[in-house]
Amino acid sequence: MSVDHKACPHTDPRDRRNFLGASFALTAAAAVGTGAFSEVAYADALTKAQRDKLTPDAILALMKKGNKRFTSGQMKDYDYLAQQRASAAGQYPVAVLLSCIDSRAPAETIMDLRIGDIFNTRMAGNIENGDVLGGMEFACKLMGSKVVLVMGHTSCGAIKGAIDNAELGNLTGLLAKIKPAVAATVYTGERTSKNYPFVDAVARKNVELTIAGIRKDSTVLAGRESSGTIKIAGAKYNLATGVIDFF
Ligand SMILES: [Zn+2]
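No experiment lies behind these values; they were computed from the predicted model shown. Position numbers for residues count from 1 along each chain, tracking the sequence in the order it is written. Note on the predicted model: pLDDT of at least 70 is required for a residue's local features to be given, and 80 or more for side-chain atom pairs to be given and counted; whole-chain, interface and lining totals, by contrast, use all residues. For the side-chain quantities, the full set of heavy atoms in the structure was used; hydrogens and water were omitted.

**A few points about the coordination of the zinc ion**
In a perfect tetrahedron of four donors around a metal, the angles come out at 109.5 degrees. In a perfect octahedron of six, they are 90 or 180 degrees. Donor criterion used throughout: N, O or S atom within 2.8 Å of the metal, extended to 3.2 Å for Na, K and Ca. Water excluded; incomplete-looking sites may result. Protein coordination at the zinc ion comes from C100 (SG), H153 (NE2) and C156 (SG), with a distance range of 2.0 to 2.3 Å. Assessed through its relative accessible area of 1%, H153 is described here as buried. Three exposure classes are used, based on accessible area relative to the maximum for each residue type with a 1.4 Å probe and protein chains only: buried under 20%, partly exposed in between, and exposed over 50%.

The structure is reproduced here in structure tokens:
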């Protein structure tokens, strides 16, 4: 997916001085060195200074803007090879995501993000456990990320499996962690995996319970949230429309 930097018509470095659509032209001019490489390196990866300046709310707003670019077909003309080079020496991701393994819901693509912008944890049914929390604590406490975003999606196979009480090897145990969301979903109508509105209602409840679990099981993250250092938020991606609904 790399773009030939020389042959590409969109080589103006100003096009690349953006993080999720936010212009950093002024700081870029002040911070970059005089060499061409440092200018490209700066433009293609998030710096610590840029990340540290963003508030959790600003980060969520930029994610929404990225999803708007995705749904409107206005995605940025990213040079992934340049991003790989620019980010190789260090990373300053703004957020840590927990989303489903579903092949149709890749967060980086549907939010129009670059290499290095976010940590991405993918678990079937976006459930949390101690290992997931360990990664989130690493991201937020040691690496400086400011948003924890749990993202479910419509027509989720894991949610359907939990509704159907499916059993298969290790999957049985995973689905057991989603079943409390099935039970907690208030829904008057057909409570089956064939009824998509019910499946999607459970998906939303599952995100809410996952967030509650993160707060309960991680004193590190809960503490950072109550001090206002980070924000823990939920969202649901609609496979049919491409739109992410931020709660
Ligand atoms: Zn799923």
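**Here's the deal with the packing of aromatic side chains**
For Phe, Tyr and Trp, where Trp contributes only its six-membered ring, two rings pair if their centres lie within 6.5 Å, and the inter-plane angle classes them as stacked under 30 degrees, edge-to-face over 60, or tilted in between. Tallied over the entire structure, the rule returns three aromatic pairs. Arranged with centres 6.0 Å apart and planes meeting at 70 degrees, the rings of F119 and F138 form a pair that is edge-to-face. Of the two residues, F119 sits in strand 4 (residues 118–122) while F138 sits in helix 7 (residues 130–142), which places them 19 residues apart along the sequence. According to the relative accessible area criterion, F138 is partly exposed, its value standing at 36%. Ring centres of Y187 and F198 lie 5.3 Å apart, and the angle between their planes is 55 degrees; this geometry places the pair in the tilted category. The numbering of helices and of strands both runs from the N terminus, where a helix is a DSSP run of H or I of at least 4 residues and a strand a run of E of at least 2.

**Describing the sheet that holds strand 4**
Here, any two strands with at least 2 DSSP bridges between them count as paired. Strand order across the open sheet formed by five strands is 4-3-5-6-7, with mixed pairing between neighbours. One side of each edge strand has no neighbouring strand; the edge strands of this open sheet are strand 4 and strand 7 (244–246). Averaged over all pairs of adjacent strands, the angle between strand axes in this sheet comes to 25 degrees, irrespective of strand direction. Where strand 5 (residues 147–153) and strand 6 (residues 231–237) come together, seven bridges link them in parallel fashion. Bridging from a neighbouring strand, V148 pairs with I232 of strand 6. Each axis is a line fitted through C-alpha atoms, taken for helices only over the stretch in contact, and angles between the N-to-C directions span 0 to 180 degrees.

**Digging into the side chain of T210**
Position of T210 among the secondary structure elements: in helix 11 (residues 196–217). Look at T210 and you get buried, because its relative accessible area is 5%.

**Let's talk about the pattern of salt bridges**
A side-chain nitrogen of Lys or Arg and a carboxyl oxygen of Asp or Glu constitute a salt bridge if their distance falls within 4 Å. For the coordinates displayed, the defined rule picks out eleven salt bridges. Across the salt bridge formed by D245 and R204, the nearest N and O atoms sit 3.9 Å from each other. Here the residue D245 occupies a position in strand 7, and R204 occupies one in helix 11, the gap between them amounting to 41 residues. Owing to a relative accessible area of 39%, D245 belongs among the partly exposed residues under this scheme. Each of R204, K205, E208 and D245 takes part in salt bridges that share partners, so that together they form one network.

**Focus: helix 11**
Across its 22 residues, helix 11 extends 31 Å between first and last C-alpha, which sits within 8% of the 32 Å expected from 1.5 Å per residue. Looking at helix 11, one finds that the buried residues are F198, V199, D200, V202, A203, N206, V207, T210, I211, G213 and I214. In this analysis, the expected span of each helix is defined as 1.5 Å times one less than the number of residues it contains.

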